[in-house]
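So the chains spell out like this:
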Amino acid sequence: MIWEEFKLFSYLFMGVRYNNKAKELLDKVKDKKYYDIVKKITEMIDSGNKDQLATEFTRCFINDYKHLKCPPYESWYREKTIYGKVVVDLYDIYSKYGIQPMKQLPDHISTEMEFLAYLYYLGKEDEGKKFITDHLLKWVPQFIDDIEKYHYGEYTKLLAEALRLFVDEIMNEIKKKS
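Keep in mind the model is a prediction, meaning the values are calculated, not measured.

Visitor: Got a sec to walk through the pattern of salt bridges? Specific residues and values, please.
Guide: All chains considered together, the criterion is met by 13 salt bridges. For Glu114, the salt bridge goes to Lys7, with nearest N and O atoms at 2.5 Å. Here Glu114, found in helix 7 (residues 109-121), pairs with Lys7, found in helix 1 (residues 3-12); they are 107 residues apart in sequence, far enough to count as distant. The shortest N-O distance in the salt bridge between Arg78 and Glu74 comes to 2.5 Å. One end of the pair, Arg78, and the other, Glu74, are both in helix 5 (residues 74-79), four residues apart, so they sit about a helical turn from each other. The exposure class of Arg78 is partly exposed, given its relative accessible area of 37%. By relative accessible area, Glu74 is classed as buried at 0%. One salt-bridge network, held together by shared partners, links Glu5, Lys32 and Glu169.

Visitor: Let's hear about the packing of aromatic side chains: which residues, and what values?
Guide: Throughout the structure, instances matching the rule amount to 20 aromatic pairs. Each ring, one from Phe61 and one from Phe143, has its centre 5.8 Å from the other, and the planes form 50°; the classification is tilted. Taken as a pair, Phe61 in helix 4 (residues 50-61) and Phe143 in helix 8 (residues 125-150) lie far apart in primary sequence, 82 residues in all. When sorted by exposure, Phe61 lands in the same class as Phe143, which is buried. Taken together, Phe13, Phe57, Phe61, Tyr77, Trp139, Phe143 and Tyr155 form an aromatic cluster joined through their ring pairs. Here the basic side chain of Lys69 rests over the ring of Tyr150, its NZ or CZ set 5.9 Å away from the ring centre.

Rules and cut-offs
- Residues numbered from 1 in each chain as written.
- Predicted model: local features only at pLDDT ≥ 70, side-chain atom pairs only at ≥ 80, totals over all residues.
- Heavy atoms only, no water.
- Salt bridge = Lys/Arg side-chain N within 4 Å of Asp/Glu carboxyl O.
- Helix = DSSP H or I, 4+ residues; strand = E, 2+ residues; numbered from the N terminus.
- Buried < 20%, exposed > 50% of the residue type's maximum accessible area, 1.4 Å probe, protein only.
- Phe/Tyr/Trp six-rings, centres within 6.5 Å; stacked < 30°, edge-to-face > 60°.
- Lys NZ or Arg CZ within 6 Å of the ring centre and 35° of its normal.

By themselves, these observations are geometric and do not establish any function.
Structure (structure tokens):
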């Protein structure tokens, strides 16, 4: 796993407006199983109705009447609340590295992916694997299932497909090195 992979998925789950940042990382992941799907996502955003895609993203991950079905927060999947106990744990972990999340909540998928990008960039692979095992793998598989079940269009469906391939790759890598 390379840090650019985590950074790429951090951008993908921050929404349409981060598409250019995601595209900058595509060359780094050409050999990955999810590459074609992510490339299709970035092309869809470039050629499509950005407002419509942003609305699809919002309905799936931010706000949907009456009930948000795919909240991108670890505490939701592990505690059925937003800003749960897991957030306190994450603040403790992040603070050890001098990190204070600003753009999203500490347990948002993009924040966790960003943190993993940072760890892998620093070469702290063991800490990264521990974080993946203790956090990401405890909730992201169910999050992916929910996106696949409740997606609002092709864009969010493709996000789920790409994320599933990436998480499968992560799990295989961790098993291989254990």
